[in-house]
Amino acid sequence: MVGLICKTCPPAWRDCVYWISSWKRRKSGSLQDNLRDSGKEPERAQEHCLPAFAGGQHFFEYLLVVSLKKKSAGADYEPTITYQFPKRENLLRGQQEEEERLLGAIPLFCFPDGNEWAPLTEYPRETFSFVLTNVDGSRKIGYCRRLLPAGRGPRLPKVYCIISCLGCFGLFSKILDEVEKRHQISLAVIYPFMQGLREAAFPAPGKTVTLKSFIPDSGTEFISLTRPLDSHLEHVDFSSLLRCLRFEQILQIFASAVLERRIIFLAEGLSTLSQCIHAAAALLYPFSWAHTYIPVVPESLLDTVCCPTPFMVGVQTRFQQQVMDSPMEEVLLVNLCEGTFLMSVGDEKDILPPKLQDDILDSLGRGTNEPQTSEQLNEHVSGPFVQFFVKTVGHYASYIKREANGQGHFQERAFCKALTSKANRRFVKKFVKTQLFSLFIQEAEKSRNPPAGYFQQKILEYEDQKKQKKSREKTVK
């Protein structure tokens, strides 16, 4: 892991909600004082950065409308929740405090670009997301649609925000379409739709749930919501990342993330920032980024970039100079608008084994000009990086020695020595020291059998291909 560990910075930014509420309560305190309240890292992270989910869970926790309200003093506006569904009642004291922290943090992330707003006649619709990390390491996702409400003359934008623990961006974007359509008629029309959604079970991968909804003057509508069959990619869209950067640059970002370095993405659009940072984190599958992870950093939290522990954050370009002037060490600063690296460590091209780098670039370059669906594009981009992990660490299960009670112990030295390629071995010796790998192995040690999933499927396919290749070579001899 690159960088010194500092007691005054949160190694995993483990409780963004709590941190912000503390910051609001003590604006006069220093950044370092506030960061001390963040506590320790979570003991474990979810299996993926935004985990895959089985069906049957609730779609969402809240639907919120966040509007800009003028402060009592001065001409500035501040974001405020003006609509909430459902209203929570009869909560225990601890639950009520947690809810207040959550709802107190959300407006800041719906309007992360400061408070210098004025009424507008035109404003481009933006769909973006943010992630809030809780005390136990679990994450809640805010799906946002920011736009100008219907009306005449200058007016202020507002945000529809759906809070959920489920990662499925395409599906929630469609839900936001329906919320927006109903809100243009009346807030009262939103309620029956969201109530129906709340009562419906989240579908299993590849399955569809159909909702019936009545709209005045339009009649009854049937809305179908379908999850992608390949659930490990349902929280990501690689198209924005590919529009902004070349394959070689994406590979260097991946290399930096694999060694848990500090990465800052710059772009003006909230949609571009959130989509690109989610895509970068998704390249790490089946491993999970468990450190600081803020797709769009609010202006008031820009000092995050000074933290010496690993982070992956998005910052709007209007704050670029502020970021550049901050004291930072060994950071990869990516300008998504210009497709350039403004700062780098300098060794990003040398982190991964050369042959495996070439394999990834060759795979990415094949068929990229052919028309593809979103699912096909996601698979095309993700596949080579999954294969990279299959070839470097896919043999991990064979080096977990189990006791009679089933508890496993990872044999790190033998695992590394099993790699015949010196370049691969050099890389893996560094990778096994990361939290990415440690958390993954801890889960594998607890499980008696390798987890059934996409990564395991690719490992089995790769092992089968190697067996067939050996068999053919023997036949030729």
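The preceding data block contains the structure.
The structure displayed is predicted, hence computed values, not measured ones. (Residues numbered from 1 in each chain as written. Predicted model: local features only at pLDDT ≥ 70, side-chain atom pairs only at ≥ 80, totals over all residues. Heavy atoms only, no water.)

**Student:** Whenever I open this one, helix H10 (residues 354–365) confuses me. Can you help?
**Tutor:** Spacing of three or four residues puts side chains on the same side of an α-helix, whose turn is 3.6 residues. Helix length check: H10, at twelve residues, gives a terminal C-alpha distance of 17 Å against a target of 16 Å (1.5 Å per residue), a fit within 8%. Taken residue by residue, H10 has Leu356, Gln357, Ile360 and Leu364 as its buried positions. Burial along H10 is one-sided: seen end-on, the buried residues are contained in an arc of 105 degrees. Exposed residues on H10 whose side chains face more than 90 degrees from its buried face are Pro354 and Lys355. (Helix = DSSP H or I, 4+ residues; strand = E, 2+ residues; numbered from the N terminus. Expected span 1.5 Å × (residues − 1). Buried < 20%, exposed > 50% of the residue type's maximum accessible area, 1.4 Å probe, protein only. Arc of directions from axis to C-beta.)

**Student:** Quick question: what am I supposed to make of unusual backbone geometry here?
**Tutor:** Glycine aside, the phi torsion of most residues is negative, and most peptide linkages are trans. Of note, the bond from Phe85 into Pro86 is cis; its omega dihedral lies within 30 degrees of zero at -5 degrees. With respect to the helices and strands, the residue Pro86 is situated in the loop between strand E2 (77–85) and helix H3 (93–110). The omega angle of the peptide bond from Tyr285 to Pro286 is 15 degrees, so this bond is cis rather than trans. Inspection of the secondary structure puts Pro286 in the loop between helix H8 (270–282) and strand E9 (292–294). Not every positive phi belongs to a glycine, and Glu260 is a case in point at roughly 55 degrees. Using a relative accessible area of 1% as the deciding quantity, one classes Glu260 as buried.

**Student:** Before we go on, may I ask you to explain the nonpolar core in this structure?
**Tutor:** Generally speaking, a soluble globular protein has its nonpolar side chains buried in company with each other. Residues Ile106, Phe254, Ile264, Phe265 and Met312 are the most contacted members of the largest nonpolar core, which totals 107 residues. Contact partners of Met312, with chain neighbours within four places excluded, come to Ala257, Ile263, Phe265, Ile277, Ala280, Ala281, Trp289, Thr292, Tyr293 and Ile294. (Core = buried A, V, L, I, M, F, W, Y, C linked by side-chain atoms within 4.5 Å. Contact = heavy atoms within 4.5 Å.)

**Student:** Honestly, the packing of aromatic side chains in this entry has me stumped. Any pointers?
**Tutor:** The relative placement of two aromatic rings is captured by the distance of their centres and the angle of their planes. Tallied over the full model, the rule gives 27 aromatic pairs. Arranged with centres 6.3 Å apart and planes meeting at 35 degrees, the rings of Phe60 and Phe85 form a pair that is tilted. One end of the pair, Phe60, is in the loop between helix H2 (31–36) and strand E1 (62–70); the other, Phe85, is in strand E2, and 25 residues separate them in sequence. Neither residue differs from the other here; Phe60 and Phe85 are each classed as buried. The ring of Phe193 carries the charged tip of Arg182 above its face, separated from the ring centre by 4.5 Å. (Phe/Tyr/Trp six-rings, centres within 6.5 Å; stacked < 30°, edge-to-face > 60°. Lys NZ or Arg CZ within 6 Å of the ring centre and 35° of its normal.)

Shape is all these values report; function is a separate question.
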